[in-house]
Amino acid sequence: MKQRGFLTWSERRGWVALVPLFVLLWNGAHAQIKYSISEEVKEGTIVGHLAKDLGLNKNTLKDRVFRIVSGPSEPLFQVNQNDGILYVNRKVDREQVCERSSACLINLKTVLENPLEIHYVDVEVVDVNDNSPTFSEKETNLEISESAVRGARFQLQAARDADSGQFSIQQYKLSHNEHFHIEVKDRGEDRKIPFLVLQKQLDRETATKHKLLLTAIDGGKPAKSGTIEINVEVLDVNDNSPMFTKEVYSVMLSENTPIGVTVTRVNATDLDEGLNGEVIYLFGKEVDRNILERFVLNQISGEITVKGPIDFEENQSYEIDIRASDKGPAPLTTDKSVFIKIIDVNDNSPEIEVTSFSNTIPEDSRIGTTVALISVNDLDSGLNGKVICFLNDNFPFTLTPSMQDRMYSVVTKASLDREFQPQYDVTISCRDAGEPPLSSENTISVVVSDVNDNSPEFSLRPYTFYLTENNAAGSSVFSVSAFDRDENENALISYHILKEGGENSKQASFIDINTENGDILALKSLDFETMKTFHFQVVATDSGTPSLSSNVTVNVFILDQNDNAPVILYPVSANGSAEGVEEIPRNVNAGHLVTKVRAYDADIGYNGWLLFSLQEVTDHSLFGLDRYTGQIRTLRSFTETDEAEHKLVILVKDNGNVSLSATATVIVKAVEPKEAFAASDVKSAAKDEEENNVTFYLMITLGSVSALFLISIIVLIVMQCSKPADYSSKYLQDANYDGTLCHSIQYRSGDRRYMLVGPRMSIGSTIVPGSNGNTLVVPDRRRASGEYLNWL
């Protein structure tokens, strides 16, 4: 695409000589290239294929904002973001850009973003012979005494050529004459001073004036020139020039010297007498304006004093041309140079410039990621200008020197974590090596942006909940909560229940969770007698990309309610009613075991703790009932007045808040010993069969309960092994049978241990208010002997 103001390639070739000497130095993300171009080329002239030389993809230049970093003025060069060509943006005048420097090198900084890259380009502007030598005047007048001796030198006005190097003034030529020739003093930096040298003594009587033409010629091909007319007037007699007392005047002067301080004093003498021998001191004709602004010369004493500010950073030395002249009618002069070397003092603090800065950096940035580019400059020299830079704070950033002198990169030296610190105020300090040292600081704020690097965390792990059976279906029973250390979308959490299949999936089918707040709902009423515990997994997922998740195990223990009445296991008649007949000999002693009432309650704890009492008995003095075991024993021996048949109604009730009960009827017949023994054999067989049936049912019941408890124990052991060491909840079930089928369950929550207990209670057990009345807090007896609460 041809841009506005561009020339065609054939036109460009006529204006610019692209020098294909470029140096490509790589160090990480930096490169430096050097091009050469002639001055005065037209706007739009191609300097070089910058993107190609840097190995950049042309298709990404515009997206990465490929540009040249420049100051407020219009830049001399620009880069085309479409093809990466570096071109001349406006006319380059070497004399304006580099003044009289021998080498004109323009430093360019190019920047690409996403990711940040900086490249340095040096463009050398080659001088062309576009300026002719010029004199400030068309003619000059020179008075020379006839007594001037051969070899006398007279300094002439030097011509000026804006070009430099080979195109500056190379020689002076003087028009042909027999009295004078020209000599040139080379002072360096393209400064050639012409001196008119007398080669044959003048004779005023022969010629009072001489007209000469001085020509200044540069080194161009073809050469350019400028002329000045010199009018020499021959004066009479004063034939002695002033002579300086020193061959060389050299002095050292510290910068910032106060005004009025004497720098040095020159002295010259003249052998003539009178006005011809009176010497005055003047600045030479070629004294620079800078010298006149900073120094003053006393014409009478020859003292040079400070007139203006002396700044080493502006000029490191001065060469002052001093002319000593007598006051004769035709003054004789002698020129001498005074060399003043300026001594640097540490009067400039380092200047810190942030040339490029990314104020936001992702927290997952790699170590070595560039945050900012820093340019440091100190106008002093030597140790005064030697700068050391460092970061004041112990932050995960460091300064690394760049390939360019006094350039630094602020890069990461450690991993960033927004959750630990979201922002850093990085202070860059630079100090020079002067005495005393001067320093400066610059602070940049680096914001660490969030990435989704934190999974949700649950407030507890695992969760343990205790839920009373017969809950209302569809109600919220408990909730889980997770938090995410990230921010915004990365911290927005949703919940769901993990469906893994198998038994856990079946158990989780009757619960649901609110995806937004983690409330868990029971979809049906739970029954302790059917299921005593279950667990499931809740997954918390954030909304980051990609999303992160974590899960937690929720253990649910169902607490028993007194919803089951006691069941009489013995006695049971043939028709299923709780009735039985017992025959005992009349001669039994007190304490004889008549029978034992056996009962079972599906509930546990107080709800399943059964107590026996005599609701109805014909003779309270004859029979007694153990309220815990259900054993019926004789309290005394039978007498002749005691009836032969006694009816006992036994009430069996649990200890729930609202107790449930059942009754059993036992008919006790007192018979003579012989009849009892005869009947005993018959009844023994029947009773054995009956007891075998009861035992069979008890075995089935105990086996089922034991299997259920064994499964629960195995599940809890597996859960315990897969959870952290501090998880100590236990749910242990045990079944014992001693006349009455009973249960005992103990479990732990936090620093308390709970047990659902039966008739015998350990000393020190206390009832927890609000625990349905069937849960005891048991003191921790792992470090002391004692008896755990259990049922018998």
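Residues numbered from 1 in each chain as written. Predicted model: local features only at pLDDT ≥ 70, side-chain atom pairs only at ≥ 80, totals over all residues. Heavy atoms only, no water.

**Comments concerning the overall build of the protein**
Scanning the protein for helices and strands turns up six helices and 54 strands. The 792 residues of the protein split such that 46% are buried. Sequence separation of 24 or more characterises 66% of the internal contacts of the protein that already satisfy a separation of 6 or more. When the accessible surface of the protein is split by element, carbon and sulfur atoms take 50% of a total near 40200 Å². (Helix = DSSP H or I, 4+ residues; strand = E, 2+ residues; numbered from the N terminus. Buried < 20%, exposed > 50% of the residue type's maximum accessible area, 1.4 Å probe, protein only. Contact = heavy atoms within 4.5 Å. Areas by Shrake-Rupley, 256 points an atom, 1.4 Å probe, with all protein chains shown as cover.)

**Here we look at the packing of aromatic side chains**
Taken as a whole, this structure holds twelve aromatic pairs when the rule is applied. Ring geometry for phenylalanine 395 versus tyrosine 424: centroids 5.1 Å apart, planes at 70°, classification edge-to-face. One end of the pair, phenylalanine 395, is in the loop between strand S27 (387–391) and strand S28 (397–401); the other, tyrosine 424, is in strand S30 (residues 423–432), with 29 residues separating them in the sequence. The burial state of phenylalanine 395 is the same as that of tyrosine 424; both residues are buried. Measuring from ring centre to ring centre gives 5.1 Å for phenylalanine 510 and phenylalanine 534, while their planes differ by 80°; the resulting arrangement is edge-to-face. Of the two residues, phenylalanine 510 is situated in the loop between helix H5 (502–507) and strand S37 (511–513) and phenylalanine 534 in strand S39 (residues 533–542); the sequence distance between them amounts to 24 residues. The same class applies to phenylalanine 510 and to phenylalanine 534, which are both buried. Through pairs of rings, three or more aromatic residues link up here, namely Phe458, Tyr463, Phe465 and Phe478. (Phe/Tyr/Trp six-rings, centres within 6.5 Å; stacked < 30°, edge-to-face > 60°.)

**As for the sheet that holds strand S19 (residues 279–283)**
The four strands are arranged S16-S23-S22-S19 in an open sheet whose pairing can be described as mixed. Every interior strand has two partners, whereas the edge strands, strand S16 (249–254) and S19, have only one. Within this sheet the neighbouring strands show an average axis-to-axis angle of 30°, counted without direction. Direction of pairing for S16 relative to strand S23 (residues 333–343): parallel, over a ladder of six bridges. Opposite valine 251, over in S23, you have isoleucine 340 as the bridge partner. (Pairing = 2+ DSSP bridges. Axes fitted to C-alpha atoms, helices over the stretch in contact; angles between N-to-C directions.)

**Considerations on a nonpolar patch on the surface**
A cluster of nonpolar side chains, Phe696, Tyr697 and Ile700, forms an exposed patch at the surface whose accessible area comes to about 340 Å². Position of tyrosine 697 among the secondary structure elements: in helix H6 (residues 673–722). Accessibility expressed as a relative area gives 55% for tyrosine 697, which makes it exposed. (Patch = residues over 30% accessible without salt bridge, like charges linked within 9 Å, V, L, I, M, F, W, Y side chains within 5 Å. Salt bridge = Lys/Arg side-chain N within 4 Å of Asp/Glu carboxyl O.)

**Description of the state of the cysteines**
A full pass over the atoms with the stated rule returns one disulfide. Each disulfide pairs two cysteine sulfurs, and for cysteine 389 the partner residue is cysteine 430, the sulfurs being separated by 2.1 Å. Judged by the sign of its S-S torsion, about 110°, the cystine formed by cysteine 389 and cysteine 430 is right-handed. One end of the pair, cysteine 389, is in strand S27; the other, cysteine 430, is in strand S30, with 41 residues separating them in the sequence. Comparing cysteine 389 with cysteine 430 shows no difference in burial state: the two are buried. (Disulfide = S-S within 2.5 Å.)

**Overview of the pattern of salt bridges**
Inspection of every chain in the model, using the stated rule, returns 18 salt bridges. Each of Arg289, Glu293, Arg294 and Glu314 takes part in one network of salt bridges that share partners.

**Examining the sheet that holds strand S8 (residues 139–145)**
Spatial ordering of the open sheet is given by S8-S14-S13-S10, a layout of four strands whose pairing is mixed. Looking at which strands have only one partner, the edges of the open sheet turn out to be S8 and strand S10 (169–174). Looking at each pair of strands side by side, their axes are set apart by 25° on average, direction ignored. Here S10 runs beside strand S13 (residues 209–218); their pairing, made up of five bridges, is antiparallel. By the bridge assignment for S13, lysine 173 is matched with threonine 215.

**Comments concerning the pairing of strand S5 (residues 85–88)**
Residues of S5 alternate between two faces, with Ile85 and Tyr87 on one and Leu86 and Val88 on the opposite face, all of them buried. Here three bridges tie strand S2 (residues 46–49) to S5, and the two strands are oriented antiparallel to one another. Pairing of isoleucine 46 across the sheet is with tyrosine 87, part of S5. As paired strands, strand S4 (residues 77–79) and S5 are joined by three bridges and run antiparallel to one another. Each bridged residue has a counterpart across the sheet, and for valine 79 the counterpart in S5 is leucine 86.

**Re unusual backbone geometry**
With an omega of 0°, the peptide bond between glutamate 435 and proline 436 qualifies as cis. Its location among the elements puts proline 436 in the loop between S30 and strand S31 (439–449). Looking along the chain, the bond that leaves arginine 461 and enters proline 462 is cis, with omega of -5°. Of note, proline 462 is situated in the loop between strand S32 (457–458) and strand S33 (463–468).

**Re the environment of asparagine 107**
Structurally, asparagine 107 is set in strand S6 (residues 105–112). Remark: the alpha-carbon pair of asparagine 107 and valine 121, spanning 14 residues in sequence, is separated by 6.0 Å. Excluding residues within four positions of it along the chain, asparagine 107 makes contact with Val121 and Asp122.

**Focus on the pairing of S6**
Bridge count for strand S3 (residues 67–69) against S6 is three bridges, and the pairing is antiparallel. Paired with isoleucine 68 across the bridge in S6 is threonine 110. With eight bridges joining them, S6 and strand S7 (residues 117–126) adopt antiparallel strand pairing. From the neighbouring strand, leucine 105 faces S7, where its bridge partner is glutamate 124. Two successive antiparallel strands, S6 and S7, enclose a turn made up of four residues, where asparagine 114 displays a positive phi of approximately 55°.

**Remarks on the side chain of threonine 634**
On the secondary structure map, threonine 634 appears in strand S47 (residues 631–634). Residue threonine 634 is classed as buried on the basis of its relative accessible area of 2%. Within the structure, the side chain of threonine 634 is placed 2.8 Å from the backbone oxygen of asparagine 589, a separation counted as a polar contact. Among all residues touching threonine 634, those that are not within four sequence positions of it are Ile584, Val588, Asn589, Ala590, Gly591, His592, Val594, Leu622 and Phe623. (Polar contact = N/O pair within 3.5 Å; in protein donor to acceptor, adjacent residues only side chain to side chain.)

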